[in-house]
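A closer look at the structure
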Amino acid sequence: MNPDRLTPTIGVFDSGFGGLTVLRALIERLPGAQFAFIGDTARLPYGSKSRRTIARYAAQSARFLVEEQSADFLVIACNTASALALDAIQEAVPQPVLGVIEPGAEAARAASRTGDVLVIATDATVHSHAYAAACGARGLRAIEKACPLLVPLVEEGWTNHPVTAEVIRIYLDELNAEAARRGLNPDTLVLGCTHYPLLRPLIEAAVPAGMKVIDSAEAAAEAAVREFGEKIGCPVLSTPSVERVGDNAPDPVVRCFATDSVEKFERLGSRFLGRPVGAVELVDLGG
Ligand code: DGL
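Residues numbered from 1 in each chain as written. Predicted model: local features only at pLDDT ≥ 70, side-chain atom pairs only at ≥ 80, totals over all residues. Heavy atoms only, no water.

Our next topic: the overall build of the protein. Across its full length, the protein holds twelve helices and ten strands. The C-alpha atoms of the protein give 18 Å as radius of gyration, which agrees with the globular expectation for 287 residues (19 Å, within 12%). Projected onto its principal axes, the C-alpha coordinates of the protein cover approximately 60 × 40 × 35 Å. A fraction of 75% describes how many contacts in the protein between residues 6 or more apart in sequence connect residues 24 or more apart. Total accessible area on the protein stands at roughly 11900 Å², and carbon and sulfur atoms take up 50% of it. Looking at charge distribution, the protein has the averaged site of its 27 positive side-chain charges lying 4 Å from that of its 35 negative ones. (Helix = DSSP H or I, 4+ residues; strand = E, 2+ residues; numbered from the N terminus. Rg over C-alpha atoms; globule rule 2.2 N^0.38 Å. Contact = heavy atoms within 4.5 Å. Areas by Shrake-Rupley, 256 points an atom, 1.4 Å probe, with all protein chains shown as cover. Lys, Arg positive; Asp, Glu negative; His and termini not counted. Charge placed at Lys NZ, Arg CZ, Asp CG, Glu CD.)

As structure tokens, this is what we get:
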């Protein structure tokens, strides 16, 4: 931790609003930390890009958080960057870095009784097969499906829109048909993109009764508390509670940055974070 500062800073990044689901879960658990969040909105979506490009973008965000915001720990609040660029990020900065894939797979292992799980994610995450590998390492069989229309729908703020509900229904029908073709009996669905928890009510309405829905954002926040909690030296809430954060703990310091459309980020970001995001600062990370 920077010795000049008493409060540690957790740096969090994503391509857009999705990472706010992780930030929200972190604030609920670590109200004494300060947070710096960057959404690389100018270059979103990451999910349709190559490993090389994702790694370059993600390393730039990581350096910004460490070098310009003095982050002590980084949480990659993006499954796509976690799947394709974890090594590149770890090489770019000396601070500890936590991704969302392993915590998501671990939560699936804890939830699944049949050992068969479904994963929805971006194109790039699915093609990396990072979830299949992480689930396989835990004795689970995973079927992954790319759902490329969902990120733009979230970024548009259509989180409770009939078009979004229909798109989700179609994707999940296709995924369930594939599971049936392969003779699997899935009981757990992993939201393998941090944008998808913002669609959770629509997704829960579309899954078969009894299917558990795993939020990789929540799972990552739990893992961050386990990994960084002690080192952070500030209060950790084992039972996350927005009320407890508001009533008993100091207001967390949260600084938000975006690489584009600051006004839109302020408007939609507050809704997704569940608290005002404050004045979002525009940054240029380069090309
Ligand atoms: N939210 C990001 C993820 O978890 C990616 C969205 C995108 O830029 O495609 O994968």
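Let's shift gears to the packing of aromatic side chains. For the structure shown, the criterion picks out six aromatic pairs. Ring geometry for phenylalanine 64 against phenylalanine 257: centres 5.0 Å apart, planes inclined by 75 degrees, an arrangement best described as edge-to-face. Within this pair, whereas phenylalanine 64 is found in helix α2 (residues 51-68), its partner phenylalanine 257 is found in strand β9 (residues 253-258), the two being separated by 193 residues in sequence. A relative accessible area of 5% means that phenylalanine 64 is categorised as buried. The exposure class of phenylalanine 257 is buried, given its relative accessible area of 2%. Pairwise contacts between aromatic rings join Phe17, Phe37, Phe265 and Phe272 into one cluster. (Phe/Tyr/Trp six-rings, centres within 6.5 Å; stacked < 30°, edge-to-face > 60°. Buried < 20%, exposed > 50% of the residue type's maximum accessible area, 1.4 Å probe, protein only.)

Tallying each qualifying case throughout the model produces 17 salt bridges. Across the pair glutamate 106 and arginine 109 runs a salt bridge whose closest N-O atoms are separated by 2.8 Å. Residue glutamate 106 and its partner arginine 109 are located together in helix α4 (residues 101-111), separated by three residues, close to a single helical turn. Here glutamate 166 ties to arginine 169 by a salt bridge, and the two come within 2.7 Å at their closest N and O atoms. Of the two residues, glutamate 166 and arginine 169 are both situated in helix α8 (residues 162-181); the distance of three residues between them amounts to about one turn of the helix. Here glutamate 166 falls in the partly exposed class, since its relative accessible area comes to 37%. Take arginine 169: its relative accessible area is 37%, and that puts it in the partly exposed class. (Salt bridge = Lys/Arg side-chain N within 4 Å of Asp/Glu carboxyl O.)

Glancing now at the state of the cysteines. With the rule as written, the count across this model stands at zero disulfides. The thiol of cysteine 78 is unpaired, and the distance to the nearest cysteine sulfur, on cysteine 193, comes to 6.9 Å. You can call cysteine 78 buried: its relative accessible area is 4%. On the basis of relative accessible area, cysteine 193 is assigned to the buried category, the value being 5%. (Disulfide = S-S within 2.5 Å.)

Take the site of the ligand next. Surveying the vicinity of the ligand reveals 13 residues, the closest of which are Ser15, Tyr46, Asn79, Thr80 and His195. The separation between a nitrogen atom of the ligand and a polar side-chain atom of aspartate 14 is 3.1 Å. Within the complex, the protein chains bury 99% of what would otherwise be the 290 Å² of accessible surface of the ligand. Of the residues assigned to the shell around the ligand, the class counts are five nonpolar, seven polar and one charged. (Near = heavy atom within 4 Å. Polar contact = N/O pair within 3.5 Å; in protein donor to acceptor, adjacent residues only side chain to side chain. Nonpolar A, V, L, I, M, F, W, Y, C, P; charged D, E, K, R; others polar.)

When the terminal C-alpha atoms of α8 are compared, their 29 Å separation across 20 residues agrees well with the 28 Å that a helix rising 1.5 Å per residue should span. When α8 is considered as a whole, its buried residues turn out to be Thr164, Val167, Ile168, Tyr171, Leu172, Leu175 and Ala179. End-on view of α8: buried residues confined to an arc of 125 degrees, all on one side of the axis. Exposed and facing more than 90 degrees away from the buried side of α8 are Pro162, Ala180 and Arg181. Those residues of α8 that are buried lie in contact with β5 (116-121), β6 (141-146), α7 (150-155), β7 (188-191) and α9 (200-206). Of the residues one or two after α8, glycine 183 is the one with positive phi, at around 70 degrees. (Expected span 1.5 Å × (residues − 1). Arc of directions from axis to C-beta.)

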